[in-house]
Amino acid sequence: MKNTITIKKNFEVKYLLAKGKWTRGKYLTIYLKKSEKLQGINRICFIVSKKAGNSVFRNRIRRLLRQAYSDLESKIKKGYNILIMWKSKETTKNIKCDVVYDDMQKIFKEREMLL
RNA sequence: AUAGUAAGUCAGAUAGUCGCAUGUGUAAACAUGAGGAAAGUCCGGGCACCAUAGGGCAGGAUGCUGGAUAACGUCCAGUGAAGGUGACUUUAAGGAAAGUGCAACAGAAAAUAACCGCAUUGUGUAUACAGUGUAAGGAUGAAAAAGUGAGGUAAGAGCUCACUAAGUAGUAUGGUAACAUAUUACUUGUGUAAACCCCAUUCGGUGCAACACCAGAAAUUAAAUAUAAAGUGGCCCGCUUAUUUUAAGGUAGGUGGCUUGAGCUAUAUAGUAAUAUAUAGCCUAGAUAAAUGACUAUCAAAUACAGAACCCGGCUUAUAGAUUUGCUAAUAUA
């Protein structure tokens, strides 16, 4: 993730949730907001709610999302604020990385984010 | 072999490709990177700050004996009691003869016991009525005023005696002690202290969002109130001090603390053990929106519970699968 910065502040996340345009897939919901200040860089944030499961499960999901995004990074347009949220009620513990990757790619395709 | 009982151990491995955090390095690169409970936050300690910290009362905690420890409500070894054929297990185990309270239902009565019964006195022709003595017998209950036999008596009764049971005090022996055994004297007091209470020991508060430093912010304006009052974990003493209330305005960061420690491993010595001491070797996560991941191949399968957040010692709860050792049996077979 060479051209990406993580979003750290709480008020920035709240701003994205309020103003960003969202698209829903099978597992994920992705919020996007274009920003002219960012040139050749994306800012990203991963969210897994506490209702999803215990801390081990949440950590694993966050890592899968990070992995999937880093695989996709080179194919995506730059200059966006991105917020990826885990919305599924799945509790099966062996979710594979491919599933998350496919879902994310599908959503980015709908929003014409792919280069 | 089966059934049981006690104590444990492991918690995926190997190879390859890509990626993250920390350290070393000019760089390339190399090294290291979650648990047995990291969890619950129930105890104890280190460390930091605070006269809200000092003294007293109140309140909390603990409660057989000896030992271990920095400390503990923890651990080890024992004593008593209860359970089990046994290996073994459990134990909230000070005081009820300092005082107060409570004991549902049933029962005459739940602690200064007379309902029935037994004996006797008075009245009466008599069944009966009234009184007195009596805890041997009856029914109730979780619990009923020590048990058996003999004497004794109007009837009875530890009223007396013998044996037995329990308790208190003393003596002797063994044990560091809890206690055990024997014996002498006295007594026969229901249970409950997970009711109040008494006795002994012990306890200040807040937690790394502590705290220190840098940058920044604030220390401004207006109004009101009290002048000896205001603050002080529940109260008193002591202690501290010029502030207190309302409105407007205003607060987004970083560095340290942070991992060399009551540390880990091996050996020896002391001890039944918990543990202690000595010698040698080792450095083994330190993130801050938060690293420890993804994919492929092989092993029969890779699956349980679960993610470090200042650090240690315990306790409690969760846990797939694999596996080791000691011991027991009124079981079964040879």
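Caption draft 1: Seen up close, the nonpolar core. Core analysis: the biggest nonpolar cluster contains 27 residues, and Leu28, Ile82, Ile84, Trp86 and Met104 have the highest contact counts within it. Elements that contribute at least two residues to this core include exactly β3 (28–34), β4 (42–48), α2 (55–72), β5 (80–86) and α3 (97–110). Per-element accounting of this core gives the leading share, seven residues, to α2. Ile82 has contacts with Ile7, Leu16, Ile30, Tyr31, Leu32, Asn42, Arg43, Ile44, Cys45, Tyr69 and Phe108, leaving out every residue within four places of it along the chain. Residues Ile7, Tyr31, Cys45 and Met85 belong to the second largest nonpolar core, which totals eight residues.

Caption draft 2: Focus on the packing of aromatic side chains. Under the counting rule described, the total for this entry stands at one aromatic pair. Here Phe46 and Tyr69 contribute two aromatic rings whose centre-to-centre distance is 6.5 Å and whose plane-to-plane angle is 75 degrees, an arrangement assigned as edge-to-face. Of the two residues, Phe46 is situated in strand β4 and Tyr69 in helix α2; the sequence distance between them amounts to 23 residues. Judged by its relative accessible area of 15%, Phe46 is buried. Look at Tyr69 and you get buried, because its relative accessible area is 0%.

Caption draft 3: Spotlight on the sheet that holds strand β1 (residues 4–6). Ordered by their spatial adjacency, five strands build an open sheet running β1-β4-β5-β3-β2, and the pairing between neighbours is mixed. Each of the sheet's edge strands pairs with one partner strand only, and the pair in question is β1 and β2 (21–24). Ignoring which end each strand starts from, the neighbouring axes of this sheet average 25 degrees apart. In this sheet, β5 lies alongside β3 in antiparallel orientation, the contact comprising seven bridges. Paired with Lys34 across the two strands is Tyr80, which belongs to β5. Seen against the sheet, α2 touches β1, β3, β4 and β5 and runs at an angle of roughly 155 degrees to β4. Most of the contacts of α3 go to β3, to which it runs at about 40 degrees, and overall it touches β2, β3 and β5.

Caption draft 4: Looking closely at α3. Its 14 residues place the ends of α3 21 Å apart at the C-alpha level, agreeing with the 20 Å of an ideal helix rising 1.5 Å per residue. Listing the buried residues of α3 in full gives Val100, Tyr101, Asp103, Met104, Ile107 and Phe108. The buried residues of α3 occupy one face: seen down the axis, they fall within an arc of 165 degrees. In α3, the exposed positions angled more than 90 degrees off the buried face are occupied by Asp98, Lys106, Lys109 and Glu110. Against β2, β3, α2 and β5 lie the buried residues of α3. Downstream of α3 by a residue or two, Glu112 has a phi angle that is positive, lying close to 55 degrees.

Cut-offs applied
Residues numbered from 1 in each chain as written. Chains lettered and ligands numbered in written order. Predicted model: local features only at pLDDT ≥ 70, side-chain atom pairs only at ≥ 80, totals over all residues. Heavy atoms only, no water. Core = buried A, V, L, I, M, F, W, Y, C linked by side-chain atoms within 4.5 Å. Buried < 20%, exposed > 50% of the residue type's maximum accessible area, 1.4 Å probe, protein only. Helix = DSSP H or I, 4+ residues; strand = E, 2+ residues; numbered from the N terminus. Contact = heavy atoms within 4.5 Å. Phe/Tyr/Trp six-rings, centres within 6.5 Å; stacked < 30°, edge-to-face > 60°. Pairing = 2+ DSSP bridges. Axes fitted to C-alpha atoms, helices over the stretch in contact; angles between N-to-C directions. Expected span 1.5 Å × (residues − 1). Arc of directions from axis to C-beta.

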